[in-house]
Amino acid sequence: YKRVKNGPPLVNVVHKANVEWLSRWIANPKKTVPNAKMPNLGLDFEEIKAVIVYLSSLAEKDVPNITWDAFLLKKEDELSEDEYEKMDKVFNNGKGVWGRARCTICHPIKGSGGNVGVGPDLGEITTKINRNWLYDWLNNTKSHFPDTMMAQYRFTDTDIRGIVEFVMRDTQFIPEEKEEDEADEFVWLLCWSLKFSLGLFNFEGTLLEEGAVDEDE
């Protein structure tokens, strides 16, 4: 298998990937995704910041805001016993769909699997995407990337919700804890600078809600 293109369209990449992930990706692609094809461009702080601000300016409509059961948006240690049982049912349904769809044939996870070699490593995917984007992607991959190599599965709404829960919660998709180094500090500073530039924080460092306006503006 060979990709038709080296990379996907970037018009709406800011709706797919969060600022921190984009910062890490541009600073060092292969450290972020081991099987990345994008080269390290050697950009400095201001250049990476400029690229992400530019990508934000290209963004078109946001992904649909999917309605989720409130308990699915909680962390596991915040769930009641009843909520945990309900979440676990959704999770295990998604795990089954994932297995039947044989996703690991194309996607490696932390370097393991992905024998076909067409999909990105999903070992740290939870640091990149949000559940609304993942639902929309699985529901209609071609609308996001017409030339994607990923098949368009005929998943039901229940199937997709299950896969989303499985991916967002299973430890294989969550990065292992690592000691911070100078590169991590660089990215952290870059993220804060970008969030101010993109209007995601006010000058007191408070995260602004989507659609909210800073009273100082």
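Now for a look at the structure at hand.

**Observations concerning the nonpolar core**
Right, so step 1: Grouped together as the largest cluster of nonpolar side chains are 29 residues, with contacts concentrated most on Trp98, Leu134, Leu138, Phe155, Val164, Val167 and Phe173.
Right, so step 2: Mapped onto this core, the elements with two or more residues apiece are α5 (81-101), α6 (131-139) and α8 (157-169).
Right, so step 3: Contacts of leucine 134, omitting those with residues within four sequence positions, involve Ile129, Val164 and Val167.

**Regarding the packing of aromatic side chains**
Right, so step 1: As enumerated under the stated definition, the model contains 8 aromatic pairs in all.
Right, so step 2: Aromatic side chains tryptophan 21 and tryptophan 25 sit 5.1 Å apart centroid to centroid with 15° between the ring planes, which places their arrangement in the stacked category. Highlighted residues: tryptophan 21 and tryptophan 25, both in helix α2 (residues 19-27), separated by 4 residues, approximately one helical turn. In terms of burial, tryptophan 21 and tryptophan 25 fall into one category: buried.
Right, so step 3: Ring geometry for tryptophan 133 against tryptophan 137: centres 5.4 Å apart, planes inclined by 15°, an arrangement best described as stacked. With tryptophan 133 and tryptophan 137 both in helix α6 and 4 residues apart, this pair spans about one turn of that helix.
Right, so step 4: Classification of tryptophan 133 by relative accessible area gives buried; the value is 7%.
Right, so step 5: Put simply, the rings of Phe91, Trp98, Phe166 and Phe173 pair up and form one aromatic cluster.
Right, so step 6: Here arginine 161 stacks its cationic end above the ring of tryptophan 68, 5.0 Å away from the centre of that ring.

**A word on the pattern of salt bridges**
Right, so step 1: Taken as a whole and judged by the stated rule, the model has 6 salt bridges.
Right, so step 2: Lysine 86 is paired through a salt bridge with aspartate 82; the nearest N and O atoms lie 3.4 Å apart. Placement of the pair is lysine 86 and aspartate 82 together in helix α5, with a separation of 4 residues, close to one helical turn.
Right, so step 3: Residue class for lysine 86 comes out partly exposed when judged on its relative accessible area of 43%.
Right, so step 4: Accessibility expressed as a relative area gives 45% for aspartate 82, which makes it partly exposed.
Right, so step 5: Several salt bridges converge on common partners, so that one network encompasses Arg131, Glu165 and Arg169.

About the cut-offs
Every chain's residues receive numbers from 1 upward, in the order its sequence appears when written. The model is predicted, so local features are restricted to residues of pLDDT at least 70 and side-chain atom pairs to those at 80 or more, both for listing and for counting; the totals for chains, interfaces and linings are taken over all residues. No hydrogens and no water enter the side-chain calculation; it runs on all heavy atoms of the structure. Here, the term nonpolar core denotes a set of buried Ala, Val, Leu, Ile, Met, Phe, Trp, Tyr and Cys residues that are joined through side-chain atoms within 4.5 Å. Throughout, exposure labels follow a simple rule: accessible area from a 1.4 Å probe, protein chains only, divided by the maximum for the residue type, with under 20% read as buried, over 50% as exposed, and the rest as partly exposed. Only runs of H or I of at least four residues qualify as helices and only runs of E of at least two qualify as strands under DSSP, and these elements are numbered from the N terminus. By the convention used here, residues are in contact when the closest approach between their heavy atoms is within 4.5 Å. Stacked, tilted and edge-to-face pairs are distinguished by plane angle, under 30 degrees for stacked and over 60 for edge-to-face with tilted covering the rest, among Phe, Tyr and Trp rings (Trp via its six-membered ring) whose centres lie within 6.5 Å. Here, over-ring charges are defined by two tests on the NZ atom of lysine or the CZ atom of arginine: distance to the ring centre within 6 Å, and angle to the ring normal within 35 degrees. Definition used for salt bridges: Asp or Glu carboxyl oxygen within 4 Å of a side-chain nitrogen of Lys or Arg.

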